[in-house]
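Report on the structure
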Amino acid sequence: MAIDTTLLISPAAMGRIDSDAARSGIDSYGLMEAAGAHVAACVLSGYPGICRAVVVCGPGNNGGDGHVAARLLADNGVPVLRIGMAPKFGGDAYRAHCACDQELRNFADWQPAEGDVIVDALFGAGLDRPVEGEFAVLIERVVRSGLPVVAVDLPSGVSGRTGRPTGPCLEAVHTVTFAALKPGHLLMPGRALCGEVHVCDIGIPARLIVSDEPVWRNHDGLYHDHLPASSASRHKYSRGHLVVFAGPLISGGAARLSAAAGLHAGAGLVSLATPPGAVLSQANHLTAIMQRSVGDADALAEWLEDGRLSAFVLGPGFGNAERARQYCGLLAGTGRPVVLDADGLSAFAVAQSELAGLFKGDTRLMITPHEGEFRRLFPDLTDDDNFSKIDRALAAARRLNAIVLYKGTDTVIAAPDGRAAVNADAPSWLATAGSGDVLAGLAGSLLAQGMPGFEAGCAAVAMHGATARRLGPGMTAEDLAARIGGTTSDLR
């Protein structure tokens, strides 16, 4: 059976799936045998010259998978040292322990040796509290040894729900998980601590691998059917008119990056709304992008009477917080999509309730905060360590009735209706000045072309990362904006 690697299942939901599988008549010990076999196979394929497998078993079912793996590795001629705690009498883990001929030794009996490969079967994705006592001591010994680790389900000490270490934790070269990805496999720093993740089929039917939480790894199935269509009958206005607001003379580059990205992403027209004092300076840098001199709220209100203006980006290099709030109020009244980024977000750090009151009814607002901007805008959400990045993004989306693009190496796209996606393939060189401005313009362009908000957010983040991967290290934001069009064409 092909595994769906796009659905993210929380540890709590995975526990219910395991229970449902057992109640449906599936042999739960057979599932454990299959899980342990996948772990053993990963060790054998990844380390064909292995000198010794040190299988570290915890007291629960994760340890049970380890007991199975230890037995199968030994059956394949690998020297095995099995250390850990014996499981409680009865249950699948105890059965797996008894079926393994290798003596179960104490943690202290292990002395690191060159050529050891550690199989981490201490705790799985469900652990959401700090590892303590002898378990913590062992984890610290493994970390100091520098030996390679193959983790079962998730490296011990990493929360499967948040991706954050709960205390001492291991870093794996390979992580073998079962049935579905968990949020902790994609959210940072969990994704980095997992190494290469192998999602394995252990025999749980696809009909049972479901969750009440619509959370996915970002993938083209979330947005492909909503991408703007190419048609010979389309003209520039039918492809949308995107407006990007520019700031004072000194900070005009950020808005130009957004506007360029919007144009290359397919908007039929893109205009910079520029303060009168910066119009001539901006004109030196623009060709296909148009300009409109907008000096105050009255001038903006007059322009907004043009119903052909399709979507707006406010914030990159804008500068004036009071004017940003004033303009945002006018834009909200148009009923058309608005992307708030950078200074547009910072303007509402002291007026979050004002922003929450502007966009009622249909979801027309998209915000694109990086970590610092999110903390300034939602300090109460970021102060709670029990919240994962997904939790925080969803809470912000509901509070503002907005699509949230919570940026980072693990950008989360969230909608007020509870949908969320985690992007997991952005390259490290995307962390460069101006790349966020490009993302705002790209998202604004897709909204101007008629894409729904959540789907536009998922597509924009995916295109952003895909273009950066094409360009490679050394890429600049100007390169990124200019090459968006090729990625857009490929996705279509």
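In this text the structure is predicted, and so the values were computed from the model without any measurement.

**A short note on the overall build of the protein chain**
Helix and strand counts for the protein chain come out as 19 helices and 17 strands. Taking the principal axes of its C-alpha atoms as reference, the protein chain extends roughly 80 × 45 × 45 Å. Contacts in the protein chain between residues far apart in sequence, at least 24 positions, make up 71% of those at least 6 positions apart. If you sum the accessible surface of the protein chain, you get close to 19,300 Å²; carbon and sulfur atoms cover 50% of it. Where the 40 positive side-chain charges of the protein chain centre and where its 51 negative ones centre are 4 Å apart.

**Quick word on the nonpolar core**
Judged by nonpolar contacts, the single largest core of 51 residues is most densely connected at Y223, L242, V244, L272, I413, V438 and L446. Mapped by element, the contributors of at least two residues to this core are strand 9 (241–245), helix 8 (252–264), strand 10 (269–274), strand 12 (311–314), strand 15 (402–406), helix 17 (435–448), helix 18 (453–471) and helix 19 (477–491). No other element matches helix 18, which puts nine residues into this core. Ignoring sequence-local partners within four residues, the contact set of I413 consists of N218, I403, V404, L405, R419, A420, A421, F454, G457, C458 and V461. Counting residues in hydrophobic clusters, the runner-up holds 50 residues, among them V243, A273, V404 and V422.

**Quick word on helix 18**
With 19 residues, helix 18 ought to run about 27 Å at 1.5 Å a step, and its terminal C-alpha atoms sit 27 Å apart, in line with that. When you tally the buried positions in helix 18, you get 16 out of 19 residues, the bulk of the element. The first or second residue beyond helix 18 is G472, which carries a positive phi of 85 degrees.

**Some remarks on the sheet that holds strand 12**
Taken together, the ten strands give an open sheet; going across it, the order is 8-17-16-15-14-13-12-9-10-11, and neighbouring strands pair in mixed fashion. Bordering the open sheet on either side are strand 8 (215–217) and strand 11 (290–293), each of which pairs with just one other strand. When the angles between neighbouring strand axes are averaged without regard to direction, this sheet yields 20 degrees. Of the strand pairs in this sheet, strand 14 (residues 365–367) and strand 15 are connected by three bridges, and their pairing is parallel. Bridge assignment links I367 to a residue of strand 15, and that residue is V404. On the sheet, helix 11 (residues 321–332) packs against strand 9, strand 12 and strand 13 (338–340) and is oriented at approximately 170 degrees with respect to strand 12. Here helix 18 sits on the sheet and contacts strand 8, strand 14, strand 15, strand 16 (412–414) and strand 17 (420–422); the angle it forms with strand 16, its principal contact strand, is near 170 degrees.

The rules behind each value
- Here, residues in each chain are numbered from 1, in the same order as that chain's written sequence.
- Whole-chain, interface and lining totals are the exception, using all residues; otherwise, since this is a predicted model, local features are given only for residues with pLDDT of at least 70 and side-chain atom pairs are given and counted only at 80 or more.
- Side-chain figures throughout are based on the complete set of non-hydrogen atoms in the structure, without hydrogens or water.
- Going along the chain from the N terminus, every DSSP run of H or I of four or more residues is numbered as a helix, and every run of E of two or more is numbered as a strand.
- Only heavy atoms matter for contacts: two residues are in contact if any of them lie within 4.5 Å across the pair.
- Every accessible area reported is derived by Shrake-Rupley at a probe size of 1.4 Å, with residue values counting cover from the shown protein chains alone.
- Only four residue types enter the charge count: Lys and Arg as positive, Asp and Glu as negative, with His and the chain ends excluded.
- Charge positions come from single atoms, namely NZ of Lys, CZ of Arg, CG of Asp or CD of Glu.
- Among the buried residues, those of types Ala, Val, Leu, Ile, Met, Phe, Trp, Tyr and Cys that are joined through side-chain atoms within 4.5 Å form a nonpolar core.
- The classification of residues rests on relative accessible area computed with a 1.4 Å probe and restricted to protein chains. Under 20% of the type maximum is buried, over 50% is exposed, and intermediate values are partly exposed.
- One fewer than the residue count of a helix, multiplied by 1.5 Å, yields its expected span.
- Here, strands pair whenever DSSP counts at least two bridges between them.
- Note on definitions: angles span 0 to 180 degrees between N-to-C directions of axes, and those axes are lines fitted to C-alpha atoms, for helices only across the stretch in contact.

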